Amino acid sequence: MTAAQPATAMKTSPESSVSHAEMANAIRFLAADAVEKANSGHPGMPMGMADAATVLFSRFLKFDSAAPEWHDRDRFVLSAGHGSMLLYALLYLTGYADMSIDEIKNFRQLGSRTPGHPEFGHAAGIETTTGPLGQGLANAVGMALAERLLNARFGDKLVDHYTYAVAGDGCLMEGISHEAISLAGHLKLGRLIVLFDDNHVSIDGPTSLAVGDDQLARFKACGWHVQAVDGHDPEAVAQAIEKARKAREPSLIACRTVIGFGAPKKAGTAATHGAPLGADEVAGARAKLGWTHAPFVVPSEILAAWRRIGGRGRAEREAWQARLKAAAKDVRAEFERRMRGALADGWRKALIEHKRKVAAEAPKWATRKASGEALEVLTAAIPELLGGSADLTGSVNTMTTVTKPVTAGDFGGRYLHYGVREHAMAAAMNGIALHGGLIPYGGTFLVFADYMRPAMRLSALMGQRVIYVLTHDSIGLGEDGPTHQAVETLASLRAIPNFHVYRPADAVETAECWALALERANGPSGLVLTRQGLPAVRTRHTDDNLCAKGAYLLADAEGGARRATILATGSEVSIALETRKRLAAEGIRSAVVSMPCWELFDDQDDAYKAKVLGAGGARVAVEAAVRLGWDKYIGASGGFVGMTGFGASAPGEKLFPHFGITAEAVVAEVKKRMH
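In this text, all values refer to a predicted model and were calculated from it rather than measured experimentally.

As a further point, take the overall build of the protein. Helices and strands together make up the secondary structure of the protein, namely 26 helices and 18 strands. Seen through its C-alpha atoms, the protein measures out along the principal axes to roughly 90 × 55 × 45 Å. Once local pairs closer than 6 in sequence are excluded, the contacts in the protein between residues at least 24 apart make up 77%. When the accessible surface of the protein is split by element, carbon and sulfur atoms take 51% of a total near 24,700 Å².

Structure follows, in structure tokens:
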């Protein structure tokens, strides 16, 4: 059979009279009809991959549509998220309760569960948000990794599933794909199976316009098991998946398909990629494939066959539930706690004792060092914390004495050497968080957040507890120079909705910010930390987390009402305190506000904000970064001491005076605004 021919008839099960072609065509025409009604979307990919998807869901995928949160289900990731109607059609056909035919009809409409690209949380069965190409592939690597890590802890009886992904040519062109497949191959993630929609078409036209890679050779070079099949031959696809499931390495199955399969004039062309087929072409496809049913109508016998597939996993799910119930009480309790995202008992008490100790000792640590010390306490108390870094372990201090390395031969560790793969690290951490049971954190330099930004944005969009440890945060890093000195990065991260940026001033604030990041189960956090040592600014212990409101009065004015308020974050808080001291010597009363997290401060009520910021008087902010964003707190006429351009290569202690980030400069800015 050639790729252009209709799929061979094949019964989906012995008791079914419905053929494979009928099952696959149900997907094709739900997709084509939904795109046509919306007058927007991508019909070609779902029509092309309908055969392979039908084989996967009907023969292999372990799931129960009545229990979409079953922890030991197989994960299915549609990395080629533009083909979202493939996933939505499968969810409707297999009987997911919140994916009705009305949702299919409302494809791409405001308030529907069927947005243009799959969005996590909009409907059950959508394992991750995809659309930015390559992200889903890297998410799948994280999910497969999480499965192996949890299997090492809880065993085959509780954790024993596969991760499947559908990726397209675009996913494999994106640079993140190489980072992801290299990491997966190195770790020998044999439970990861990728179905490559090898249709040779992209938006501009044939993929030969832009790429000539031998993808099988590429994946094989990265340590993958590779196969190539006719994607419209269900038996060939089934045999390939069976082989892949037995492989010890991650698997790529290149499914040679025809984009827009069945469309009489447009099949195999870019015309089917990102636009409706048109009424005449849809009608022609119906005639060619023998689908005589009206738009959005799936005959009862075909729908019933699909619904049987959706319920096929019930017995296996119930057997798993019985195994969980029969597990030792402590094992079951630990598994259930992790999977619901609750933190282990006792961690807060341990961290408070750590805070008490560092407040008394007042170490002049760099906050990257302070973070590492806090992690020693936290990783001992919270076993699901999973660390890592992008080849910067010694610089970002993310490995602790209890987080041993994860290797291809030992998934019992809790630390990932991601290598110089920041983008894949961030996207894999999203996959790990989405899988459940683990809380990932990973470190690199702040300036390299730009390598991770697409995945960081998706962490926020999906509301995932992913913690980014971002060190070497300013000109204070010194000699590495402006290529490594972040000046605009803080502003760019603060611009991401639902992303919390924490820039602590000393060891106590660092511990408090770690607590806040861990307690935040509905979104990501970035801990922005210094390379250079800092003086302690919090030397009086309190059990309360003063950073919890985002900003607080660190030092109020003495002897009367304040005439000036100095706001600062991180390493510049000590400069603000020195400024206050100098102003006091001149009889000017001022207060210092530490603002480790703008986002939390913005959430406070107006009364608290007014109390912290002060009424009237001069306001000046100091931060070794650009001004962007500060006017919200200091006003357009407020003073700012910081960076106006890129940094320079020199010892850090020389760069602060060179760029005018000093107490003298802040004093001058205050005096300019005195009334």
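Once you've had a look at it, read on.
The final tally for this structure, using the stated rule, is 33 salt bridges. Across the pair Lys62 and Asp72 runs a salt bridge, and its minimum N-O distance is 2.9 Å. With Lys62 in the loop between α2 (44–60) and β1 (75–78) and Asp72 in the loop between α2 and β1, the pair connects residues that are 10 residues apart, well separated along the chain. This pair shows no difference in class: Lys62 is buried, exactly as Asp72 is.

To continue, consider empty space enclosed by the protein. In the structure shown here, the tally under the stated rule is one cavity of 30 Å³ or more. Of the residues contributing to the lining of the largest cavity, the split by class is eight nonpolar, one polar and three charged.

Moving on: the packing of helix α5 (residues 135–154) against helix α17 (residues 422–435). With their axes 6 Å apart at the nearest point, α5 and α17 run at an angle of 55 degrees to one another. It follows that α5 is oblique to α17 by the angle criterion. When you trace α5 past α17, the crossing you get is right-handed. Contacts from Gln135, Ala138, Asn139, Gly142, Met143, Leu145, Ala146, Glu147 and Leu150 of α5 reach α17 at His423, Ala427, Ala428, Asn430, Gly431, Ile432, Leu434 and His435. Split by residue class, the contact of α5 with α17 holds nine nonpolar, seven polar and one charged.

For strand β11 (residues 467–471), a buried count of five out of five residues is recorded, marking the element as mostly surrounded by other parts of the structure. Here β11 shows two buried faces, one formed by Ile467, Val469 and Thr471 and the other by Tyr468 and Leu470. For strand β10 (residues 439–445) and β11, the ladder comprises five bridges, and the chain directions are parallel. Directly across from Phe445, in β11, lies its bridge partner Thr471. Traced from β10 through helix α18 (residues 449–462) to β11, the parallel crossover comes out right-handed. Where β11 lies against strand β13 (residues 525–528), four bridges are found, and the strand directions are parallel. Along β13, the bridge assignment pairs Val469 with Leu527.

We now examine the layout of surface pockets. Each pocket or cavity is described by its volume, and for the largest pocket that value is around 550 Å³. Looking at the largest pocket, it is lined by 29 residues, and the ones nearest its centre are Met339, Ala433, Leu434, Gly436 and Gln464. Among the secondary structure elements, those contributing two or more residues to the lining of the largest pocket are α13 (329–340) and α17. Considered class by class, the residues forming the lining of the largest pocket number 12 nonpolar, nine polar and eight charged.

Applying the stated criterion across every chain, the model contains 18 aromatic pairs. For the pair Phe29 and Trp291, a centre-to-centre distance of 5.8 Å together with 10 degrees between the ring planes defines the contact as stacked. Of this pair, Phe29 sits in helix α1 (residues 20–38) while Trp291 sits in the loop between α10 (279–289) and α11 (300–311); the two residues are 262 residues apart in sequence, bridging distant segments of the chain. Take Phe29 and Trp291: they sit in the same class, and that class is buried.

Below, the discussion takes up the state of the cysteines. A full pass over the atoms with the stated rule returns zero disulfides. With no disulfide of its own, Cys171 lies 14 Å from the sulfur of Cys255, the closest cysteine sulfur. Judged by relative accessible area, Cys171 falls into the buried class, the value being 0%. With no disulfide of its own, Cys222 lies closest to Cys171 among cysteine sulfurs, the gap being 16 Å.

Time to look at the packing of helix α7 (residues 175–187) against α17. As a packed pair, α7 and α17 sit with axes 8 Å apart at the nearest point and diverge in direction by 70 degrees. Looking at the two axes, α7 sits roughly perpendicular to α17. Of the residues in α17, those touching α7 at Ile176, Glu179 and Ala180 are Glu422, His423, Ala424 and Ala427. For the contact of α7 with α17, a count of residues per class yields four nonpolar, one polar and two charged.

What follows is about the side chain of Thr489. Here Thr489 lies in helix α19 (residues 489–494). Assessed through its relative accessible area of 0%, Thr489 is described here as buried. Setting aside residues no more than four positions away along its own chain, Thr489 makes contact with Leu446, Val447, Ala449 and Asp450.

A few words on the confidence of the model for the protein. Confidence in the prediction for the protein averages 96 pLDDT; 97% of positions are at 70 or higher. For residues 1–15, every residue scores under 50 in pLDDT, and the model assigns this stretch 38 contacts once sequence neighbours within four places are set aside.

A sheet is described by the order of its strands in space; here five strands give the open sequence β1-β2-β3-β7-β6, paired in parallel fashion. Both outer strands of the open sheet, β1 and β6 (225–230), are each paired with one neighbouring strand and no more. On average, adjacent strands in this sheet sit at an angle of 20 degrees to one another, irrespective of strand direction.

Right, let's get into unusual backbone geometry. Not every positive phi belongs to a glycine, and Lys188 is a case in point at roughly 55 degrees. Structurally, Lys188 can be placed in the loop between α7 and β3 (192–198). With a phi close to 70 degrees, Phe296 is a non-glycine residue in the positive phi region. Considering the arrangement of structural elements, one finds Phe296 in the loop between α10 and α11. By relative accessible area, Phe296 is classed as buried at 12%.

Procedures and definitions
Each chain carries its own residue numbering, running from 1 in the written order of its sequence. At least 70 in pLDDT is required for a residue's local features to be given in this predicted model, at least 80 for side-chain atom pairs to be given and counted, and no such filter applies to totals for whole chains, interfaces and linings, which use all residues. Here the side-chain values reflect all heavy atoms present in the structure, with hydrogen atoms and water set aside. Numbering of helices and strands starts at the N terminus; helices are DSSP runs of H or I of at least 4 residues and strands are runs of E of at least 2. Note on contacts: a residue pair is in contact if any heavy atoms of the two residues lie within 4.5 Å. Working definition of accessibility: Shrake-Rupley area with a 1.4 Å probe, residue cover restricted to the visible protein chains. The rule for a salt bridge is simple: a side-chain nitrogen of Lys or Arg has to be within 4 Å of a carboxyl oxygen of Asp or Glu. The classification of residues rests on relative accessible area computed with a 1.4 Å probe and restricted to protein chains. Under 20% of the type maximum is buried, over 50% is exposed, and intermediate values are partly exposed. A 1.4 Å probe that fits into a set of points on a 1 Å grid over the protein atoms alone but cannot get out defines a cavity; an open set with protein on both sides within 12 Å along at least five of seven lines defines a pocket, and lining residues are those with an atom within 4 Å of a point. Grid points are joined across faces, edges and corners, and a volume is the space filled by probe spheres set on the points. Any residue outside Ala, Val, Leu, Ile, Met, Phe, Trp, Tyr, Cys, Pro, Asp, Glu, Lys and Arg is labelled polar, Gly included; the first ten of those are nonpolar and the last four are charged. The angle between two axes is taken between their N-to-C directions and runs from 0 to 180 degrees, where each axis is a line fitted to C-alpha atoms and a helix contributes only its stretch in contact. Should an angle fall under 35 degrees it is called roughly parallel, over 145 degrees roughly antiparallel, and 65 to 115 degrees roughly perpendicular, with every other angle called oblique. Left-handed describes a crossing whose near helix is turned anticlockwise from the far helix through less than a right angle; right-handed describes the clockwise counterpart. When DSSP finds two or more bridges between a pair of strands, those strands are recorded as paired. With the strands pointing away from the viewer, any crossover whose connection runs clockwise from the first strand over the helix to the second is right-handed. Whether two aromatic rings pair depends on their centres lying within 6.5 Å, for rings of Phe, Tyr and Trp, where Trp uses its six-membered ring; planes under 30 degrees apart make the pair stacked, over 60 edge-to-face, and the rest tilted. In what follows, a disulfide is any cysteine sulfur pair within 2.5 Å. In predicted models, pLDDT denotes the confidence assigned by the predictor to each residue on a 0 to 100 scale.

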